[in-house]
Amino acid sequence: RAVAMSVSHSSRLNKLVREQYMRLPQDGRVQVTYVWIDGSGEGVRCKSRTLDKEPKSIEDVPEWNFDGSSTAQAEGSNSDMFLVPVCMFRDPFCLDPNKLVLCEVLKYNRKPAETNLRHTCKKVMELVKDSHPWFGMEQEYTLLGINGHPYGWPDNGFPGPQGPYYCGVGADKVYGRDIVESHYKACLYAGVKICGTNAEVMPSQWEFQVGPCEGIEMGDHLWMARFILHRVCEDFGVVATLDPKPMTGNWNGAGCHTNYSTEEMRREGGLKHIEAAIEKLSKRHDYHICVYDPRGGRDNSRRLTGHHETSNIFEFSAGVANRGASIRIPRQVGQDGYGYFEDRRPAANCDPYAVTEAIMRTTVLNESGVETKDYAEH
């Protein structure tokens, strides 16, 4: 009974009845679900429309609009916001030929909405494209019951201490694997570049990885993977939270570790370029902390304590195979002398556009200090 109470009412509707309708033909018409980031900078919203034929590319998907006053993005007196399609995926919920389309949000004057961080990220990625930046982001998240309590945890207490849960197997060690595997399959179907998943250190906490992606593609694919996660969780009646520290006390927080390399780092002798990039990052720690969560570092301050496999938010550190450092160089990279490095500072609820843009500004465009340069004129 306790488990039944922690899932949503809609998840208990008869899914076999739904299947009957999902099998009906569409007579050549296509459902397109538009997905966008709302005014919180963390939440995703969606709505659907019918197109007369299957779009073959993003150019075939028309712009649309929505009421920004209902998503904390506009005032009621001037509420229309533009949805500009930027990246298209197959729809794992309504199946082919239907589509999921990620959109940028523009205000009434065609300027980017405040939480549209893709706009400047794309400009920066265009400037640095010759360095061929690759990213892989490790998205940690926690499954909660509809009551806000970690899914599968005892109603009036806590599970045993951390230790047996990381990459665990068994009903007493992992909770919610059905959700994780469904999400994985849905991402593969959609065309999201998901590359792995594992159970994390805290029970009910999981991680999936997206990448390698080049440039702007990193943010596009991670945001769509997040949308698919929330949508899968909706079917199962539970909630996925990206809060960086969902449980206070002796429990691991949730990050979004970002693996990064340029073409010269991936070549023979690339370690010196990795070390040069880390040196630049060391001089701009405060700027990066500011953009690595949606609240200017306040969310991350709950997580980056120097304990539970994190660095201290106030200090920059780097090391080979060190999970307590700001930047980790994998042991294999140290041995090979080339490869990539991992920035362990981004919070689970970071905006991947902000993170990847910041890394490029510092390591390739050689920006310093807390101010960013405006490249709009170039």
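Bear in mind the structure is a predicted one, so any value in this text is a computation, not a measurement.

Thresholds applied
Within each chain, residue numbers correspond to sequence positions counted from 1 in written order. Two thresholds apply to this predicted model, a pLDDT of at least 70 for residue-level local features and 80 or more for giving and counting side-chain atom pairs, whereas whole-chain, interface and lining totals are computed over all residues. Only hydrogens and water are set aside when side-chain values are computed; all heavy atoms of the structure are taken into account. Cavity means a closed set of points on a 1 Å grid over the protein atoms alone, one where a 1.4 Å probe fits but cannot get out, pocket means an open set with protein on both sides within 12 Å along at least 5 of 7 lines, and lining means a residue has an atom within 4 Å of a point. Grid points are joined across faces, edges and corners, and a volume is the space filled by probe spheres set on the points. Secondary structure elements are taken from DSSP: a helix is a run of H or I of four residues or more, a strand is a run of E of two residues or more, and numbering for both begins at the N terminus. Under the scheme applied here, ten amino acids are nonpolar (Ala, Val, Leu, Ile, Met, Phe, Trp, Tyr, Cys and Pro), four are charged (Asp, Glu, Lys and Arg), and all others, including Gly, are polar. What counts as a salt bridge is simple: a side-chain nitrogen of Lys or Arg found within 4 Å of a carboxyl oxygen of Asp or Glu. Burial status follows relative accessibility: with a 1.4 Å probe on protein chains alone, a residue under 20% of its type maximum counts as buried, one over 50% as exposed, and anything between as partly exposed. In short, DSSP must find at least two bridges between two strands for them to pair. Where each domain starts and ends follows an automatic or database-derived domain assignment. Note on contacts: a residue pair qualifies if any of its non-hydrogen atoms lie within 4.5 Å across the two residues. Buried area: the accessible surface (1.4 Å probe) lost by two parts on joining, summed over both. Residues adjacent in sequence count toward polar contacts only when both atoms are side-chain atoms; beyond that, a polar contact is any pair of N or O atoms within 3.5 Å, and within protein one must be able to donate a hydrogen and the other to accept it.

Engineer: Report on the layout of surface pockets, specifying residues and quantitative values.
Structural biologist: In this model, the largest pocket occupies a volume close to 480 Å³. Along the wall of the largest pocket there are 29 residues; nearest its centre are Glu 138, Glu 207, His 257, Arg 328 and Glu 342. Within the residue set of the lining of the largest pocket, elements represented by two or more residues are β6 (134-144), β8 (205-214) and β10 (256-261). The greatest single-element share of the lining of the largest pocket, amounting to five residues, is contributed by β6. Of the residues belonging to the lining of the largest pocket, the class tally is seven nonpolar, twelve polar and ten charged. The volume enclosed by the second largest pocket comes to roughly 390 Å³. If you trace the second largest pocket, you find 21 residues lining it, with Leu 117, Cys 290, Val 291, Ala 354 and Glu 357 closest to the centre.

Engineer: Would you mind going over the pattern of salt bridges in detail, with residue names and values included?
Structural biologist: Oppositely charged side chains can form a pair if their charged atoms are brought close together. Applying the stated criterion across every chain, the model contains 25 salt bridges. Glu 114 is the salt-bridge partner of Lys 107, the closest N and O atoms lying 2.9 Å from each other. According to the relative accessible area criterion, Glu 114 is exposed, its value standing at 59%. Of the charged contacts in the structure, one is a salt bridge between Asp 235 and Arg 231, with a shortest N-O distance of 2.9 Å. Residue Asp 235 and its partner Arg 231 are both found in helix α5 (residues 217-236); the two are separated by four residues, about one turn of the helix.

Engineer: Tell me about the pairing of β10, residues and numbers included.
Structural biologist: The element β10 is extensively covered by neighbouring structure, given that six of its six residues are classed as buried. Both faces of β10 are covered, namely the face carrying Cys 256, Thr 258 and Tyr 260 and the face carrying His 257, Asn 259 and Ser 261. The pairing of β10 with strand β13 (residues 341-343) spans three bridges and is antiparallel. Bridge assignment links Tyr 260 to a residue of β13, and that residue is Phe 341.

Engineer: I'd like a rundown of the domain arrangement of the protein chain, residues and numbers included.
Structural biologist: One frequent convention defines the size of an interface as the accessible area lost when the parts assemble. When cut into domains, the protein chain gives domain 1 (9-115) and domain 2 (125-364). Taken residue by residue, the interface counts 23 residues in domain 1 and 23 residues in domain 2. A per-residue breakdown of the area domain 1 buries against domain 2 is headed by Glu 42, Phe 89 and Phe 93, which together make up 33% of the total. The salt bridge partner of Glu 42 is Arg 295, with a shortest N-O separation of 2.9 Å. The interface formed by domain 1 and domain 2 holds five residue pairs in polar contact (both at pLDDT 80 or more) in total.

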